[in-house]
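A closer look at the structure
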Amino acid sequence: IKKDKKNLDAYRILGEIYLNQKKYSDAIFFFEKSLEFFHLQPLVLNNCGICLLFLGDLEKAKKYLEKAIEINPDFEDALFNKALVLEKQGDYSNAINIHSEILQKNPKLIHSFYKLTSLYFATNQYGLAFENLNNQINKNPESDDAIFYQERSLALVNLKKFNEALDDINKSIKIGRA
């Protein structure tokens, strides 16, 4: 493709094609070409961050994601991906804070709910894991997602609340058979 501002969309689209094919080095090449012409593209900055996350360049990934968030502070995908980078860097506290922030703005983002729960488990914060799962179950009392009850039973076991854990695991089995 000829380096021309008219090809801005072509660069971005090629980047997205390569990203979907998990060819992250090729994808970032085209995303960065797109950014040469118009550097204030939160989606493209986010996609660069994703590529670099998968390529293992966590610091550079974080910079791209922070730039996307600076341009659009409510960009949930960039926030989520920044939390993934922080988790990979071992910064669980800030990753937890970001997922909590995302869920405060949009409680229906189930992928942040699951990541927040897994971070609570990873940091042995079983009470917070229980609370997070309990909130999700209470928001969706008719939910047929057995995993909520399985995970909550695990939190309860770690909290030494065995009878409640048994109730939840039985509920998850019942849901699983329905």
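Check the entry above for the structure.
Residues numbered from 1 in each chain as written. Predicted model: local features only at pLDDT ≥ 70, side-chain atom pairs only at ≥ 80, totals over all residues. Heavy atoms only, no water.

Notes on helix α2 (residues 24-37)
When the terminal C-alpha atoms of α2 are compared, their 21 Å separation across 14 residues agrees well with the 20 Å that a helix rising 1.5 Å per residue should span. Among all positions in α2, only Tyr24, Ala27, Ile28, Phe30, Phe31, Lys33, Ser34 and Leu35 are buried. If you follow the buried residues of α2, they end up packed against α1 (8-20), α3 (42-55) and α4 (58-71). (Helix = DSSP H or I, 4+ residues; strand = E, 2+ residues; numbered from the N terminus. Expected span 1.5 Å × (residues − 1). Buried < 20%, exposed > 50% of the residue type's maximum accessible area, 1.4 Å probe, protein only. Contact = heavy atoms within 4.5 Å.)

Here we look at unusual backbone geometry
One non-glycine residue, Asn124, lies in the positive phi region at around 60 degrees. Checked against the element boundaries, Asn124 lands in the loop between α7 (110-122) and α8 (126-139). Residue classification places Asn124 among the exposed residues on the basis of a relative accessible area of 52%. Phi at Lys160 is positive, roughly 65 degrees, even though this residue is not glycine. Its location among the elements puts Lys160 in the loop between α9 (146-158) and α10 (162-177).

Points about the environment of Phe38
Mapped onto the elements, Phe38 comes out in the loop between α2 and α3. For the pair Phe38 and Leu8, spaced 30 residues apart in sequence, the C-alpha separation works out to 8.1 Å.

Quick word on α8
Counted at 1.5 Å a residue, the expected span for α8 with its 14 residues is 20 Å, and the 20 Å between its end C-alpha atoms agrees. Those residues of α8 lying buried are Tyr126, Ala129, Asn132, Leu133, Gln136 and Ile137. Projected down its long axis, α8 shows its buried positions confined to an angular sector of 135 degrees, all on one face. Of the surrounding elements, those touching the buried residues of α8 are α7 and α9. (Arc of directions from axis to C-beta.)

What about the environment of Ser153?
Checked against the element boundaries, Ser153 lands in helix α9. Linking Ser153 and Leu133, residues 20 residues apart in sequence, is a C-alpha distance of 9.7 Å. With near-sequence residues (within four places) excluded, Ser153 lies in contact with Ala165, Asp168 and Ile169.

A closer look at the packing of aromatic side chains
Applying the stated criterion to the full structure yields nine aromatic pairs. When the ring of Phe113 is compared with that of Phe148, the centres are 5.4 Å apart and the planes differ by 85 degrees; the resulting orientation is edge-to-face. With a gap of 35 residues between them, Phe113 in helix α7 and Phe148 in helix α9 connect regions that are remote in the sequence. When sorted by exposure, Phe113 lands in the same class as Phe148, which is buried. Taken together, Tyr11, Tyr18, Phe29, Phe30 and Phe37 form an aromatic cluster joined through their ring pairs. (Phe/Tyr/Trp six-rings, centres within 6.5 Å; stacked < 30°, edge-to-face > 60°.)

Section: the packing of α3 against helix α5 (residues 76-88)
Between α3 and α5, the shortest axis-to-axis distance is 10 Å and the interhelical angle comes to 25 degrees. On the basis of the axis angle, α3 is roughly parallel to α5. For the element pair α3 and α5, the recorded crossing hand is left-handed. From α3, Asn46, Ile50 and Leu53 reach across to α5, where they touch Asp77, Ala78, Asn81, Leu84, Val85 and Lys88. Residue composition of the contact of α3 with α5, by class: five nonpolar, two polar and two charged. (Axes fitted to C-alpha atoms, helices over the stretch in contact; angles between N-to-C directions. Parallel < 35°, antiparallel > 145°, perpendicular 65-115°, else oblique. Left-handed = near helix turned anticlockwise from the far one by under 90°. Nonpolar A, V, L, I, M, F, W, Y, C, P; charged D, E, K, R; others polar.)

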